[in-house]
Amino acid sequence: GSDTSCVPKEVSFKNLSINAESYFWDFGDGQTSTNENPIHNYQFPGVYTIRLIAFNSEGRDSLTQVGNVVILDKPVASFDITPNPVCAPLEVSFFNVSKKFLGNQFQWTIEDSVFNNDSDTLTFTYQNTTGTVLFDTVSLNISTPFGCHDSLSKIITIFPTNSVTIVAPDTV
């Protein structure tokens with residue numbers, strides 16, 4: 001069988017040997033174990049061939065290939081905001097500079113709204129008529145077809161729309 005995941009990945013192995021008394025596992029990355037049902041941590045991407053040799057009182061059993069483990073790079077969310085801070089109302093551009101892999105999905109959260117967007121740029125127009133400075137936490141979440149995730153959040157500062165009040169002196 002084959003298992004595909006992202007680094008770092010802890011993999012549990014189940015021994016299906018019959019009448020064995022001791023074991024030698026080779027995890028394909030230079031690490032080994034003599035545990036019956038070992039757990040191994042993969043720290044680097046790669047395709048690893050797993051082998052188990054089971055021993056009994058008669059000696060060595062036949063070499064058994066258990067399968068392969070495919071470990072992929074973990075996605076890393078990264079984006080830029082232009083401009084930041086912003087004076088409302090103004091369109092802001094969010095540039096997704098994450099490393100792209102086939103099948104990754106990108107989900108943005110802006111002002112508590114969710115946008116699924118696989119393009120490199122997302123634009124959003126901020127409004128602020130409150131008269132005070134507002135802050136919004138913008139998040140980018142990445143997920144891969146293999147269940148790996150990463151996210152990044154940044155804060156954008158939104159200054160209020162300028163309003164000028166002219167007060168004329170009372171005339172008599």
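Going by the structure above, here's the rest.
Now for a look at the structure at hand. Here the residue index of a chain counts from 1 through its sequence in written order. Only residues with pLDDT of at least 70 are given local features in this predicted model, and only at 80 or more are side-chain atom pairs given and counted; all residues enter the totals for whole chains, interfaces and linings. Heavy atoms throughout the structure, all of them, feed into the side-chain values; hydrogens and water do not.

### As for the environment of threonine 137
This is how the line gets drawn: Helix and strand definitions here come from DSSP, where helices need a minimum of 4 consecutive H or I residues and strands a minimum of 2 consecutive E residues; each element is numbered from the N-terminal end. Between buried and exposed lies partly exposed: a residue is buried under 20% and exposed over 50% of the maximum accessible area for its type, with that area taken using a 1.4 Å probe on protein chains only. Any two residues having at least one pair of non-hydrogen atoms within 4.5 Å are treated as being in contact.
Within the fold, threonine 137 resides in strand S14 (residues 134–143). The exposure class assigned to threonine 137 is partly exposed, which follows from its relative accessible area of 45%. Along the sequence, threonine 137 and lysine 154 sit 17 residues apart, while their C-alpha atoms lie 5.6 Å from each other. Every residue in contact with threonine 137, bar those within four places of it in the chain, is listed here: Thr109, Ser153, Lys154 and Ile155.

### Overview of the sheet that holds strand S8 (residues 79–82)
Worth spelling out the cut-off: DSSP bridges decide pairing: two strands pair if at least two such bridges lie between them. Each axis is a line fitted through C-alpha atoms, and for a helix only the stretch in contact is used; angles between axes span 0 to 180 degrees, taken between their N-to-C directions.
Taken together, the three strands give an open sheet; going across it, the order is S8-S10-S13, and neighbouring strands pair in antiparallel fashion. In the strand order of this sheet, the two ends are held by S8 and strand S13 (121–126), each with one partner. Taking the axes of each pair of neighbouring strands and ignoring which way they run, one obtains an average angle of 20° across the sheet. With six bridges connecting them, strand S10 (residues 90–96) and S13 associate as antiparallel partners. Each bridged residue has a counterpart across the sheet, and for valine 92 the counterpart in S13 is phenylalanine 124.

### Brief notes about the nonpolar core
Put simply, the rule reads: Residues grouped as a nonpolar core are buried Ala, Val, Leu, Ile, Met, Phe, Trp, Tyr and Cys residues, joined through side-chain atoms within 4.5 Å.
Val92, Phe94, Trp108, Ile110, Tyr126, Val138 and Ile156 are the most contacted members of the largest nonpolar core, which has 18 residues in total. Apart from residues lying up to four places away in sequence, valine 138 is in contact with Phe79, Phe94, Trp108, Thr109, Ile110, Tyr126, Leu152, Ser153, Lys154 and Ile156. Counting residues in hydrophobic clusters, the runner-up holds 14 residues, among them Val7, Ala20, Phe27 and Leu52.

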